[in-house]
Amino acid sequence: MFDSDFGPDPLALLARDLLRERTAALIAEACAWAVGLSDQPHHLRVRGRVVPTGLTVGARAATGQLLSGEEDGRLELGDARPGSFQDVLNSVTADGTLVAEHFDREVVEPFVLDTCVQAARRARDTRAADWSELLDELGEDGSDLVEVVRVAEWEAPLRIDAEHLVLAALGTAPLVEVEAEGLPLSLVRAAEAVTRAAAPAPPRPSGGGPDELAGALFLAEAALQGSGLTLPVPPAEADRLLDVLLAEGVLPEEVPALLAHLPVEPRTAAEVRATLATLGPGR
């Protein structure tokens, strides 16, 4: 019988092995994400209030002062070298959240999900017996690999592994060095975003599609135009995308069919479908 941790589940172990194979790609994505952090205004939490220090993150790091404060932060990120990548992860942003929270949401979580989906695809293609047993255990048909990953609960332990890999490679490195390492890939990612934004909008559904879908698409497109979301919508904004669509009156059961016709990245669509699958009928 399969387990949800990384003990007796051979396919979960496959996901872990694949993550380690992709360590270099994970580190590269982390470095690219860090580009520009030095230019951000630095903040500290003082007596419960987040206040600007008047310096940028890079300027404060250059003076040898800690970027993180004493009032909040993650214990596992404490005792960081001033100005290091680990130090900046433990620092607070203007809205009171930790930089580490943004890093988890924007880098670790999508990377781990993509790794798990790749592992599921590899298992399906190369380990037919194990794959069939897993689907029987989970009650899934295997048509939605993201849903298989969610139900199998592979992501949570893999996120911890991913965080450890990043900290082992970059934790003590000065932020400025991490940014310099990530600059080439950061430029590539920026160019990709520009290309996606310039691409023509996906065609509207036609050819016998239900009138209800056309009406829902009209609502969804109107909601996106006034939402302020980045287009195409990146994975980091998947939850906000879903909230915007539902607030506009789009029904939860209509959303999966609409995603193929909206300017959203594939991983964003996968995130939204996975979220919908976890919601109860009262959403």
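Residues numbered from 1 in each chain as written. Predicted model: local features only at pLDDT ≥ 70, side-chain atom pairs only at ≥ 80, totals over all residues. Heavy atoms only, no water.

1. Observations regarding the pattern of salt bridges
Evaluation of the coordinates by the stated rule reveals seven salt bridges. Residues Asp125 and Arg124 are paired through a salt bridge, measuring 3.1 Å at the closest nitrogen-oxygen approach. Take Asp125: its relative accessible area is 53%, and that puts it in the exposed class. Put simply, Arg150 and Glu271 hold a salt bridge, and the shortest N to O gap is 2.8 Å. (Salt bridge = Lys/Arg side-chain N within 4 Å of Asp/Glu carboxyl O. Buried < 20%, exposed > 50% of the residue type's maximum accessible area, 1.4 Å probe, protein only.)

2. Regarding the packing of helix α5 (residues 99-126) against helix α8 (residues 155-170)
Axis separation between α5 and α8 bottoms out at 9 Å; the angle between their running directions is 120 degrees. One way to sum up the angle between α5 and α8 is to call them oblique. Our pair here, α5 against α8, has a crossing hand that is right-handed. Residues Phe103, Asp104, Val108, Glu109, Val112, Leu113, Thr115 and Cys116 of α5 form the contact with α8, whose own contacting residues are Glu155, Leu158, Arg159, Ala162, Glu163 and Val166. (Axes fitted to C-alpha atoms, helices over the stretch in contact; angles between N-to-C directions. Helix = DSSP H or I, 4+ residues; strand = E, 2+ residues; numbered from the N terminus. Parallel < 35°, antiparallel > 145°, perpendicular 65-115°, else oblique. Left-handed = near helix turned anticlockwise from the far one by under 90°. Contact = heavy atoms within 4.5 Å.)

3. Re the packing of aromatic side chains
Scanning the model with the defined rule gives two aromatic pairs in all. Taken together, a centroid distance of 5.9 Å and an interplanar angle of 85 degrees make the contact between Phe85 and Phe103 edge-to-face. Placement of the pair is Phe85 in helix α4 (residues 85-89) and Phe103 in helix α5, with a sequence separation of 18 residues. Each member of the pair Phe85 and Phe103 is classed as buried. Grouped by ring-pair contacts, the aromatic residues Trp33, Phe85 and Phe103 constitute a single cluster. (Phe/Tyr/Trp six-rings, centres within 6.5 Å; stacked < 30°, edge-to-face > 60°.)

4. Notes on the environment of Phe103
Overall, the relative accessible area of 3% leaves Phe103 in the buried class. Not counting residues up to four positions away in its chain, the partners in contact with Phe103 are Ala30, Trp33, Phe85, Leu89, Val108 and Val166.

5. Side note on the nonpolar core
Ranked by internal contacts, the top residues of the largest apolar core, which has 52 residues, are Trp33, Phe85, Phe103, Trp131, Trp154, Val166 and Leu170. When residues in this core are grouped by element, the largest group, 13 residues, is from α5. When neighbours within four sequence positions are excluded, Trp33 is seen to be in contact with Phe85, Leu89, Val99, His102, Phe103, Glu106 and Val107. Membership of the second largest hydrophobic core comes to 22 residues, among which are Ala216, Ala220, Ala223 and Leu245. (Core = buried A, V, L, I, M, F, W, Y, C linked by side-chain atoms within 4.5 Å.)

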